[in-house]
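# Topology and contacts: notes
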Amino acid sequence: MAMGKLVVIKIGEGSFELGFPVTLYIGDEGDRFHTSFDGQLPAFAQIPSIYTTWQSEYRHFINYSRINKRAEDLIKNLNEWLNSETFRPRKEKFLNKVNTEDTVRVIIQTENPLLRRLPWYLCDLFEVDTKAEVAISLPNYEKPSQLLKPQPKVRVLAIIGDPQTNTKNSLDLNPDKQFWQNLSNDADTVFLEKPTRQEFNQNLWDEQGWDILFFAGHSSSNPDATTGTMDIKPGENLTIPDLKLALKKAIEGGLQLAIFNACDGLGLAKNLAELNIPQIIVMREPILDPVAQKFLEYFLKAFSSGQSLYLAVREAREKLQGLEKEYPCASWLPVICQNPTEVPFKWSQLFTNKLIINPSLVEEIIAAGAKDEFFLFKEPNSCDLPKIVVVGTSVVGKSSLVNALFGGRDVVRVSSVPQDDEQTVEENWAGLFKIIDSVSYDEFREQEVEISIKCADVVVQLWDINAIRRNDLLLYQLITKNEKPCITAINKCEQYAPDERQIIIHKYKNVMSSIFIEISVKAKENLSQLVSLIIKELPIELQSIAIEKIASLEKIYQCRKVCKQIILETQMQADVMISYLMNEPNLLTELQKLHIIMVEKIEQQYIKLVLLKNNTTEPLKKLYTMQYSYSRIKKT
Ligand SMILES: Nc1nc2c(ncn2[C@@H]2O[C@H](COP(=O)(O)OP(=O)(O)OP(=O)(O)O)[C@@H](O)[C@H]2O)c(=O)[nH]1
Ligand SMILES: [Mg+2]
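So, a few notes on the structure that sits alongside this text. Computed from a prediction, not measured in an experiment: that's the story for all the values here.

### Observations concerning unusual backbone geometry
- At Val-395, a position not held by glycine, the phi torsion is positive, near 50°.
- Its place among the elements puts Val-395 in the loop between strand S15 (387-391) and helix H13 (398-405).
- By relative accessible area, which is 34% here, Val-395 ends up partly exposed.

### Points about the packing of helix H9 (residues 289-304) against helix H10 (residues 309-320)
- For the pair H9 and H10, interaxial distance at closest approach is 8 Å and the crossing angle is 140°. Comparing the axis directions of H9 and H10 gives the class oblique. Read as a crossing pair, H9 and H10 show a hand that is right-handed. Contacts between H9 and H10 involve Val-291, Lys-294, Phe-295, Tyr-298, Phe-299, Ala-302 and Phe-303 from the former and Leu-309, Ala-312, Val-313, Glu-315, Ala-316, Lys-319 and Leu-320 from the latter.
- Class assignment for the residues of the contact of H9 with H10 results in 11 nonpolar, no polar and three charged.

### Remarks on the sheet that holds strand S6 (residues 154-160)
- Pairing in this open sheet of 11 strands is mixed, and the strands run S3-S2-S1-S4-S5-S14-S13-S12-S8-S6-S7 from one edge to the other. Only two strands of the sheet have a single neighbouring strand rather than two, namely strand S3 (33-41) and strand S7 (187-193). Strand-to-strand twist in this sheet, taken as the mean axis angle between neighbours without regard to direction, amounts to 20°.
- Bridge count for strand S8 (residues 212-217) against strand S12 (residues 257-262) is six bridges, and the pairing is parallel. Bridge pairing in S12 places Leu-213 opposite Ala-258.
- Contacts from helix H5 (residues 174-181) reach S6, S7, S8 and S12, with the element oriented near 155° to S7.

### Some words on the nonpolar core
- Among the nonpolar cores identified, the biggest contains 120 residues, and Trp-81, Trp-120, Phe-200, Phe-260, Ile-280 and Phe-299 are the most heavily contacted of them.
- It is H9 that contributes the most residues to this core, nine residues altogether.
- Both domains that furnish three or more residues to this core are identified here as domain 1 (4-137) and domain 2 (154-352).
- Those residues in contact with Phe-200 that lie beyond four places of it in its chain are Leu-157, Ile-159, Leu-192, Pro-195, Leu-213, Met-230, Ile-232, Leu-238 and Leu-243.
- Listed in part, the 40 residues of the second largest apolar core include Val-390, Phe-406, Ala-430 and Leu-530.

What counts and what doesn't
Residues numbered from 1 in each chain as written. Chains lettered and ligands numbered in written order. Predicted model: local features only at pLDDT ≥ 70, side-chain atom pairs only at ≥ 80, totals over all residues. Heavy atoms only, no water. Helix = DSSP H or I, 4+ residues; strand = E, 2+ residues; numbered from the N terminus. Buried < 20%, exposed > 50% of the residue type's maximum accessible area, 1.4 Å probe, protein only. Axes fitted to C-alpha atoms, helices over the stretch in contact; angles between N-to-C directions. Parallel < 35°, antiparallel > 145°, perpendicular 65-115°, else oblique. Left-handed = near helix turned anticlockwise from the far one by under 90°. Contact = heavy atoms within 4.5 Å. Nonpolar A, V, L, I, M, F, W, Y, C, P; charged D, E, K, R; others polar. Pairing = 2+ DSSP bridges. Core = buried A, V, L, I, M, F, W, Y, C linked by side-chain atoms within 4.5 Å. Domains from an automatic or database assignment.

Below is the structure:
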């Protein structure tokens, strides 16, 4: 069977004069590495000068045959280097591990500026298969903590830089703009043409968040590609550190990919990678206008029609070979810079990756459940809510999980001895779905459990990490036989260290296509992630309804946050406040709009009633008046 393989080649500190230590890691995509071996790339002192000779020919761009000659020279030497005595055994071992039918994603991890520049994908080593693509990464990286918000479209912030019209460097950036505009309806692209630094910055802060940041225009890197600049408007150029805080915010808000369709972008890429953005596409060297345009056209076409990011870049690169008669080495240019903690995504996943509910909202809902304020989040009409059925063998923690999602309230009975008289209990969770605690599975109750499974939209199969038995696997088969989306939640994980858990779970991951999540009901671990997964697995129509509901829950949540603050300040009775709000749906929106002003003013302990003269409904005015008098009392 063709499978995805991930190969990481970590090249440690060294030099071309002395050689580099290398470690190769091989694993299946989405899993841990199963093989690793160390090796040594020996000294090969001529490579830097061979590269610079090619580079200077390429950058002059006059004598095509000399550029090609130098290019051949470089590749020949690179191959020779990788075939050296000390490295060849590793190379062969590598080739043995990779099947020709595999798609292979290779990441070269190094800080060395020249190693980052080399056209790795042309080496024999990676010609094992037509589906290999080579990306680069830094040796140090962290997993970005991204809050992924549900969104109906892919959001693109496209910066169209200064085209320097009427100079010898003049660019035509209109085609780039058009490619984005003509893209499928799933993209929502905001263009900033020749923005000021402030405009650029402000847009990055956009509350809705971005999926893709795109730049077209002039850019360059310093010689060792540790920093780079982009020309955004005449006389104004920017570095990544100039935008650091805004970019961090955008990455936290879900930015997945930056594309610099511009010259010599490795410096920009390095600085962005340091902020842990998941993926970047840049050009290794200066790129001519027509090549850049073609790249974007080919890439967007492949990517938006469903190719993975790697294959889309590869396809675009291969098509660029067709231009190499007029533009030698065109296909050398694009390179992916990848954060190894992130799995590269497809266009469609830019949506589904986002179907994640804010963890603090889940906590808030659970807490509201405990205090019996649950009605706040619940919609009255709940007849056709999606059905989530929790199944499992006995005492795995099914009832405990249901109760935990309701803030520990005894919705269903929990006991350390199996419950024989159980009933299937249904509860409405925040108006998002119904959750059903089914009877325990065993061979005598198979039929009963199957009836519950049949009515489910998503099945959560619970396992006890201490005791995964044959019946648990039979139950899994019963779920798949009924073709239901299934999440396998492994409970009671608090009893094991993370690596011990992995060893236990790994066995099953390889043989089952279920989605796995480690949880602990007792330690309240990963419950919000479980809720997110449930929503992700819903059939698409139910999912879009759920997403809309989450958006409105999020509003209520934000509003409650503001209210709590006011309550704290004014000591106004919480129930008075809440009844105001619940009877006045418009007020919620109103309050939201005023949120910023209010918080600010509360901080100053002073509210200008002027702000409220217009546009507010009576109760809100009352609220403000109370607030106002309170702050006056406090002052005097
Ligand atoms: N250590 C630990 N114990 C847990 C956890 N979750 C549940 N338990 C315990 O597991 C036992 C069974 O919990 P229940 O929720 O009744 O399990 P069930 O699957 O509903 O059991 P039956 O309905 O009787 O089949 C109880 O003693 C719980 O306290 C957990 O995350 N960690
Ligand atoms: Mg139970």
